Structure formats: C-alpha cells, structure tokens
Amino acid sequence: GNSVTQMEGPVTLSEEAFLTINCTYTATGYPSLFWYVQYPGEGLQLLLKATKADDKGSNKGFEATYRKETTSFHLEKGSVQVSDSAVYFCALVKGGSNYKLTFGKGTLLTVNP
Amino acid sequence: EPEVTQTPSHQVTQMGQEVILRCVPISNHLYFYWYRQILGQKVEFLVSFYNNEISEKSEIFDDQFSVERPDGSNFTLKIRSTKLEDSAMYFCASSEDISNEQFFGPGTRLTVL
C-alpha cells in the first residue's frame, strides 16, 4: 500500500538557518505529493504541492521538488523565521482513491530567535 | 476566510461510553473526511463522505464508528462504545470537489479512560 516516511523530529533551529525536512514515499503509479503545516491550536493547512515528477511546489519561501527517481519530496527553506515554528506533515494522494490523504508522522519544527 | 470548525476541542470519556465529535465544514464543500492521529503515530484516514453516504472507509472504521450529516451543516463522527485505543486527535476535513484541496479543522483530542 501507500506510505510516507518523514524525518523524525523535533527539529530545533535558530532564526535564519537553513531547513530541510526529509520525506520519502512508497506508492504505485504516480501520486500527488503535499506538505501540510499545523500551527499551534490550528488545523492542518496545505503548504505546497506537486502533482507530477520534477514539479517544484513552493509557498512562503518553502520549496519541495517531486523526485520520482528517489521517491522523495524533501521540504526546504533557505532562512527560517520564528513564525515557521509548527508541525510539518508530508502526504500523498493516489488518484482514483477518493483522494484520501496518506500522511507521514509529522515533524515538529521549533525556531528560536 | 471560511474555515472548518470542530467541537469540542478536547473530550474525555470513560471506556464503553458513546462519543460524538462534531465538525462544521466549509459551507459550499461537498466532500467530507475524518482522519485521526494517535499520539506519536501517523495521521490516518478513517472515512470519506459524499452525497449523504460513505464513499470510502478504512479498516479502522469498523461497526463502532458511524458518520452523519444530520442537518446540512454539521458532519459528525460517532463512536458507539469507546475503547482505550480510540484515544487520539480526530481531524475533520472538507473539500469543494474531489480533487480539490482538503481544508482541515483544528482537531478534537479524544481521551478514553
């Protein structure tokens, strides 16, 4: 079946540091890939997505590239801010499956001033 | 901005009791979902709902679980006889169309004692 594995947290960085959160997936065919973010006390929000190989999703300075050859979708940001502190979830959707999302465990990011 | 809301934010119940978790999806959305996350584990799909019926359910969603859209605005998840292992964060989500972004609520933390 489909699965997502993402880097265990927590991750603690200083402001302006470079962020990478690794995500790899297992799926048949060609899934769409997502990063969701959950800020304290809020719901999961879509951060970015990519629907086919070599697509790059980007939003709010975050980027992730759909790498079919390595089955990866790593999240990166060049310079994190305190306001980026949140839990980040990698997820996939396999078309034809009612678009149910398959999530990773989530990675807690804390950015210190 | 429209958002998905969930009540209560935290529910504590005794094993064997029935609980109803409530969600108000975004008003023009047609597809509704429940997911759950047991502490330290992945967010898991439970069920999807469209046109007043279940469109897909996971293995977790056994006879103890049911969903309902009683009045055109609320979307509820009922657990008939709670078990200790039902303790988790339950997320509701909705989408306008099957392939559109799913918008998540903030979650209900269910604790079964």
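Located above this text is the structure these notes cover.
Residues numbered from 1 in each chain as written. Chains lettered and ligands numbered in written order. Predicted model: local features only at pLDDT ≥ 70, side-chain atom pairs only at ≥ 80, totals over all residues. Heavy atoms only, no water.

Moving on, we get to the pairing of strand β1 (residues 3-6) of chain A. Residue and element names in this part refer to chain A. Of the two faces of β1, only the one carrying V4 and Q6 is buried; S3 and T5 on the other face are not. The pairing of β1 with strand β4 (residues 23-26) spans 4 bridges and is antiparallel. Note that in β4 the partner of V4 across the bridge is Y25. (Buried < 20%, exposed > 50% of the residue type's maximum accessible area, 1.4 Å probe, protein only. Helix = DSSP H or I, 4+ residues; strand = E, 2+ residues; numbered from the N terminus. Pairing = 2+ DSSP bridges.)

Moving on to the nonpolar core. The nonpolar side chains of a soluble globular protein tend to be buried with one another. Ranked by internal contacts, the top residues of the largest apolar core, which has 26 residues, are L19(A), W35(A), L47(A), L48(A), F73(A), L75(A) and Y88(A). When contributions to this core are tallied by element, the ones reaching two or more residues are β2 (11-14), β3 (19-21), β4, β5 (32-38), β6 (44-50), β8 (62-65), β10 (86-93) and β12 (107-112) of chain A. Among the elements that make up this core, the one with the highest residue count is β10(A) (4 residues). The contacts of L48(A), once residues within four sequence positions are left out, are L33(A), F34(A), W35(A), G57(A), S58(A), N59(A), F62(A), E63(A), A64(A), F73(A) and L75(A). Listed in part, the 22 residues of the second largest apolar core include I26(B), I38(B), F61(B) and V67(B). (Core = buried A, V, L, I, M, F, W, Y, C linked by side-chain atoms within 4.5 Å. Contact = heavy atoms within 4.5 Å.)

Residue and element names in this part refer to chain A. Take G41: it is sitting in the loop between β5 and β6. G41 sits in the exposed class, given a relative accessible area of 75%. As for G41 and Y30, which are separated by 11 residues in sequence, their C-alpha atoms are 33 Å apart.

Bringing the interface of chain A and chain B into the picture now. Contacts between chain A and chain B engage 17 residues on the former and 19 residues on the latter. Both faces combined, the contact of chain A with chain B buries some 1600 Å², and carbon together with sulfur accounts for 56% of it. Linking chain A to chain B there are 1 salt bridge. Across the chain A-chain B interface, the total number found is 4 residue pairs in polar contact (both at pLDDT 80 or more). A per-class count over the side of chain A that touches chain B returns 8 nonpolar, 6 polar and 3 charged. (Buried area = accessible area lost by both parts, 1.4 Å probe. Salt bridge = Lys/Arg side-chain N within 4 Å of Asp/Glu carboxyl O. Polar contact = N/O pair within 3.5 Å; in protein donor to acceptor, adjacent residues only side chain to side chain. Nonpolar A, V, L, I, M, F, W, Y, C, P; charged D, E, K, R; others polar.)

Every disulfide links exactly two cysteines, by a covalent bond between their sulfur atoms. Enumeration according to the criterion identifies 2 disulfides over all chains in this entry. In this model, C23(A) is linked to C90(A) through a disulfide, with the two sulfur atoms separated by 1.9 Å. When the S-S torsion is -70°, as for the bridge of C23(A) with C90(A), the disulfide is left-handed. On the criterion of sequence distance, the pair formed by C23(A) in strand β4 and C90(A) in strand β10 is long-range, its members being 67 residues apart. Judged on exposure class, the residue C23(A) and its partner C90(A) are both buried. Each sulfur of the disulfide joining C23(B) and C92(B) lies 1.9 Å from the other. (Disulfide = S-S within 2.5 Å.)

With that settled, the discussion passes to the packing of aromatic side chains. Summed over all chains, the structure comprises 16 aromatic pairs over all chains. A centroid spacing of 6.0 Å and a plane angle of 80° characterise the contact between F103(A) and F104(B), whose relative ring orientation is edge-to-face. In this pair, F103(A) sits in strand β11 (residues 101-103) while F104(B) sits in strand β10 (residues 103-104), so the two residues belong to two different chains. As far as the burial class goes, F103(A) and F104(B) line up, both buried. When the ring of F49(B) is compared with that of F75(B), the centres are 5.3 Å apart and the planes differ by 40°; the resulting orientation is tilted. Highlighted residues: F49(B) in strand β5 (residues 43-50) and F75(B) in strand β8 (residues 75-79), separated in sequence by 26 residues. Comparing F49(B) with F75(B) shows no difference in burial state: the two are buried. Each residue in the set F34(A), Y36(A), F89(A), F103(A), Y33(B), Y35(B), F45(B) and F104(B) is aromatic and connected to the rest through ring pairs, giving one cluster. (Phe/Tyr/Trp six-rings, centres within 6.5 Å; stacked < 30°, edge-to-face > 60°.)

Turning next to the sheet that holds strand β1 (residues 5-7) of chain B. All names here are of chain B. Ordered by their spatial adjacency, 4 strands build an open sheet running β1-β3-β8-β7, and the pairing between neighbours is antiparallel. The sheet is open, and its two edges are formed by β1 and β7 (65-68), each paired on a single side. In this sheet, neighbouring strand axes are inclined to one another by 20° on average, regardless of whether the strands run parallel or antiparallel. Across 4 bridges, the pairing between β7 and β8 is antiparallel. Bridge pairing in β8 places S66 opposite K78. (Axes fitted to C-alpha atoms, helices over the stretch in contact; angles between N-to-C directions.)

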